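Fold and geometry: a report
Chain by chain, the residues:
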Amino acid sequence: MRRGGSLARRVLLSRVPHRRDGSNGTLLRTRGAMGLLPRQAATRIAHAAPPVAAPPAEGSTGPRPVPLLPGDRTPARRVKFALVNACTLASLALGLGAIFLAMNGEPRVAAALLVACVAFDGLDGALARRLGVASPFGAQMDSLADMCSFGLATPVVVYASLAGDVPPAAAAVACALVVGCAAIRLARFNVSPRDGRFFSGVPTTMAAAVLAVAVLIGLPVPGIAMVGGVALLAFAMVSSFPYAKLARLAALPPWLWLVPLAGAFVDARLTFALIVVGYLGSGPLLWWRHRDGRRDVYAG
């Protein structure tokens with residue numbers, strides 16, 4: 001018994017060898033007092049997930065949510081901020097109403113709601129700058145509302161207006177182009193530097209206004225020509241041609257505005273079509289003019 005006890009003591013007090021894991025340098029105990037540790041268990045211990053850090057306690061310095069309204073959050077500024085976003089939501093609701101009306105076979109009434117969407121879209125930006133409550137949140141809200149009202153509602157209204165005049169597949173392809181190009185145009189606008197003089201491509205709001213007015217007044221053009229015009233307008237949104245902003249157009253001499261006004265009394269549809277064609281053609285002309293100017297600089 002004494003001899004057996006000495007042997008048991010030697011086993012229990014024997015030195016336990018360690019093996020260094022090659023992946024992360026962790027020392028693994030491969031032999032215990034009661035025998036060998038299984039190889040799978042040793043590997044599982046070596047690759048065990050690190051402990052998850054507890055969330056920062058209340059009052060500690062950590063990431064904080066960005067306020068929707070930067071600056072002083074006084075009651076007056078909050079009311080102004082709510083008013084601006086109410087205009088954005090009104091544009092969104094009108095776009096949804098336009099979809100419902102187009103589905104019920106009333107594309108012209110739906111087009112009138114789209115024109116109201118354009119008005120509210122311009123109003124929210126003007127109010128935000130005027131009231132001093134412009135914010136990144138408002139800019140993102142405006143882009144999302146534009147995508148819903150002008151990128152989705154407008155093609156639905158156009159598709160409903162073309163029903164029965166053109167093959168459904170042709171109308172669907174043209175309207176799908178408007179949806180895709182509007183999404184690309186809005187995403188590119190959000191990440192591109194701003195130019196105070198020109199737009200890069202036709203703005204989504206202006207393209208939607210052109211299509212809505214065309215449906216509202218009923219342009220006397222063949223259906224297939226209307227499909228081609230819709231596709232052309234979609235590609236113009238994602239083009240790199242420079243188009244003048246409305247502020248620059250408003251600064252034109254007053255006598256130039258007499259021509260379209262006089263034409264509207266003679267034939268409003270033809271005048272509208274000529275204005276749209278002229279504006280779409282101004283982009284490539286401005287691009288060619290700037291291109292020629294760069295050639296002169298390089299030649300000199």
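As the structure is a computational prediction, the values presented were derived from the model and not from experiment.

1. Quick look at helix 8 (residues 223–237)
Over its 15 residues, helix 8 runs 22 Å from end to end, which matches the ideal 21 Å to within 8%, given 1.5 Å per residue. Within helix 8 the residues assigned to the buried category are Gly223, Met226, Val227, Val230, Ala231, Leu233, Ala234, Ala236 and Met237.

2. Observations concerning the layout of surface pockets
Taken as a whole, the largest pocket holds about 1,200 Å³ of empty space. Along its surface, the largest pocket is lined by 36 residues, and Asp121, Gly125, Arg129, Asp142 and Phe189 are the ones closest to its centre. At eight residues, helix 4 (residues 107–131) tops the list of elements feeding residues into the lining of the largest pocket. Partitioning the lining of the largest pocket into residue classes produces 17 nonpolar, 11 polar and eight charged. Lining the second largest pocket are 26 residues, with Leu249, Leu252, Trp257, Ile275 and Tyr279 sitting closest to its centre. For the lining of the second largest pocket, the secondary-structure elements that each account for two or more residues are helix 7 (204–217), helix 9 (246–250), helix 10 (254–266) and helix 11 (268–299). Per-element accounting of the lining of the second largest pocket gives the leading share, 10 residues, to helix 11. Of the residues contributing to the lining of the second largest pocket, the split by class is 22 nonpolar, two polar and two charged.

3. Looking at the packing of aromatic side chains
This model, assessed by the stated rule, comprises four aromatic pairs. Note on Tyr243 and Tyr279: the rings are 5.3 Å apart at their centroids and 35 degrees apart in plane angle, and the pair reads as tilted. You can see Tyr243 sitting in strand 6 (residues 242–244) and its partner Tyr279 sitting in helix 11, a full 36 residues away along the chain. By relative accessible area, Tyr243 is classed as buried at 2%. Overall, Tyr279 belongs to the buried group, its relative accessible area being 14%. By the ring-pair criterion, three or more aromatic residues cluster together here, those being Phe241, Trp287 and Trp288.

4. Notes on the nonpolar core
Among the nonpolar cores identified, the biggest contains 37 residues, and Val157, Val158, Leu162, Val202, Met237 and Leu280 are the most heavily contacted of them. Those elements giving two or more residues to this core turn out to be helix 3 (75–103), helix 4, helix 5 (136–162), helix 6 (168–191), helix 7, helix 8 and helix 11. Apart from residues no more than four positions distant in its own chain, Val202 is found in contact with Arg185, Ala207, Ala236, Met237, Tyr243 and Leu280. In terms of nonpolar packing, the next biggest core, distinct from the first, is built from five residues, Phe81, Val84, Ala128 and Val133 among them.

5. A short note on the packing of helix 3 against helix 5
For the pair helix 3 and helix 5, interaxial distance at closest approach is 8 Å and the crossing angle is 15 degrees. By the angle between their directions, the pair helix 3 and helix 5 is classed as roughly parallel. Helix-helix and strand crossings are classified by hand; for helix 3 and helix 5 the assignment is left-handed. Along its contact with helix 3, which presents Phe81, Asn85, Thr88, Leu89, Ser91, Leu92, Gly95, Ala98, Ile99 and Ala102, the element helix 5 presents Phe137, Gly138, Met141, Asp142, Ala145, Cys148, Ser149, Ala153, Val156, Val157 and Ala160. A class-by-class count of the residues in the contact of helix 3 with helix 5 yields 14 nonpolar, six polar and one charged.

6. A look at the side chain of Ser91
Mapped onto the elements of the fold, Ser91 is located in helix 3. According to the relative accessible area criterion, Ser91 is buried, its value standing at 3%. When sequence neighbours within four positions are dropped, the list of residues in contact with Ser91 reads Cys117, Phe120, Asp121 and Ser149.

Rules of the game
In this numbering scheme, every chain counts its residues from 1 along its sequence in written order. Whole-chain, interface and lining totals are the exception, using all residues; otherwise, since this is a predicted model, local features are given only for residues with pLDDT of at least 70 and side-chain atom pairs are given and counted only at 80 or more. Side-chain figures throughout are based on the complete set of non-hydrogen atoms in the structure, without hydrogens or water. Each helix is a run of H or I in the DSSP string that is no shorter than four residues. Each strand is a run of E no shorter than two, and both are numbered from the N terminus. In this scheme, a helix's expected span is set at 1.5 Å multiplied by one less than its residue total. Here's how the labels work: a residue is buried when its accessible area is under 20% of the maximum for its type, exposed when over 50%, partly exposed in between, all with a 1.4 Å probe on protein chains only. With a 1 Å grid laid over protein atoms only, a set of points is called a cavity when a 1.4 Å probe fits there but cannot get out and a pocket when it is open yet has protein on both sides within 12 Å along at least five of seven lines; lining residues have an atom within 4 Å of a point. Grid points are joined across faces, edges and corners, and a volume is the space filled by probe spheres set on the points. Residue type decides the class: Asp, Glu, Lys and Arg count as charged, Ala, Val, Leu, Ile, Met, Phe, Trp, Tyr, Cys and Pro as nonpolar, and the leftover types, Gly among them, as polar. Only rings of Phe, Tyr and Trp enter the pairing, Trp through its six-membered ring, and a pair is recorded when the two centres are within 6.5 Å. The plane angle decides the type: under 30 degrees is stacked, over 60 is edge-to-face, the rest tilted. Each nonpolar core is a collection of buried residues, namely Ala, Val, Leu, Ile, Met, Phe, Trp, Tyr and Cys, held together in the definition by side-chain atoms within 4.5 Å. Should any heavy atoms of two residues lie within 4.5 Å, those residues are counted as being in contact. Orientation is described by lines fitted to C-alpha atoms, with helices fitted over the stretch in contact, and by angles between N-to-C directions that extend from 0 to 180 degrees. To sort the angles, those under 35 degrees are grouped as roughly parallel, those over 145 as roughly antiparallel, those from 65 to 115 as roughly perpendicular, and the leftovers as oblique. Two helices crossing with the near one rotated counterclockwise from the far one by less than a right angle form a left-handed crossing, whereas a clockwise rotation gives a right-handed crossing.

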